[in-house]
Amino acid sequence: MDTTKEDARLTLHDAARLLPAASAHDAEVELARAIEHGQLRANVKRWATEQWEGRQLPGNINRLETWIERSDFDAWLATR
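Residues numbered from 1 in each chain as written. Predicted model: local features only at pLDDT ≥ 70, side-chain atom pairs only at ≥ 80, totals over all residues. Heavy atoms only, no water.

Undergrad: Explain the packing of aromatic side chains to me, using residue names and the numbers behind them.
TA: Applying the stated rule across the entire model yields one aromatic pair. Ring geometry for F73 and W76: centres 6.2 Å apart, planes at 35 degrees, overall tilted. Of the two residues, F73 and W76 both sit in helix 3 (residues 70–79), three residues apart, roughly one turn of that helix. Here the basic side chain of R9 rests over the ring of W67, its NZ or CZ set 3.9 Å away from the ring centre. (Phe/Tyr/Trp six-rings, centres within 6.5 Å; stacked < 30°, edge-to-face > 60°. Helix = DSSP H or I, 4+ residues; strand = E, 2+ residues; numbered from the N terminus. Lys NZ or Arg CZ within 6 Å of the ring centre and 35° of its normal.)

What follows is the structure, given as structure tokens:
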């Protein structure tokens, strides 16, 4: 199977949609906490407090501009 570069990474929001959770926000919070605790590698972009959009995540992580490599997500998911 040929994987494109876009398929090889996910936004935090897209990764959250792959998790079973009570809500999308709950899944996003779980991922943000894993990133903040060094359990999940990600290319993180943070909001400045005055820029915040929607419900806040730990560490002011921007859910739409934080990228997680699919292989890192899959490895984290296997240890979850």
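Undergrad: Before we move on, could you go through the nonpolar core and cite the residues and values that matter?
TA: Formed by 17 residues in total, the largest nonpolar core has its most connected members in L31, L40, F73 and W76. Where this core is concerned, the elements lending two or more residues are helix 1 (12–16), helix 2 (24–36) and helix 3. Take this core: its biggest share by element is six residues, from helix 2. Other than its neighbours up to four places away in sequence, L40 contacts L31, A34, I35, I68, D72, F73 and W76. (Core = buried A, V, L, I, M, F, W, Y, C linked by side-chain atoms within 4.5 Å. Buried < 20%, exposed > 50% of the residue type's maximum accessible area, 1.4 Å probe, protein only. Contact = heavy atoms within 4.5 Å.)

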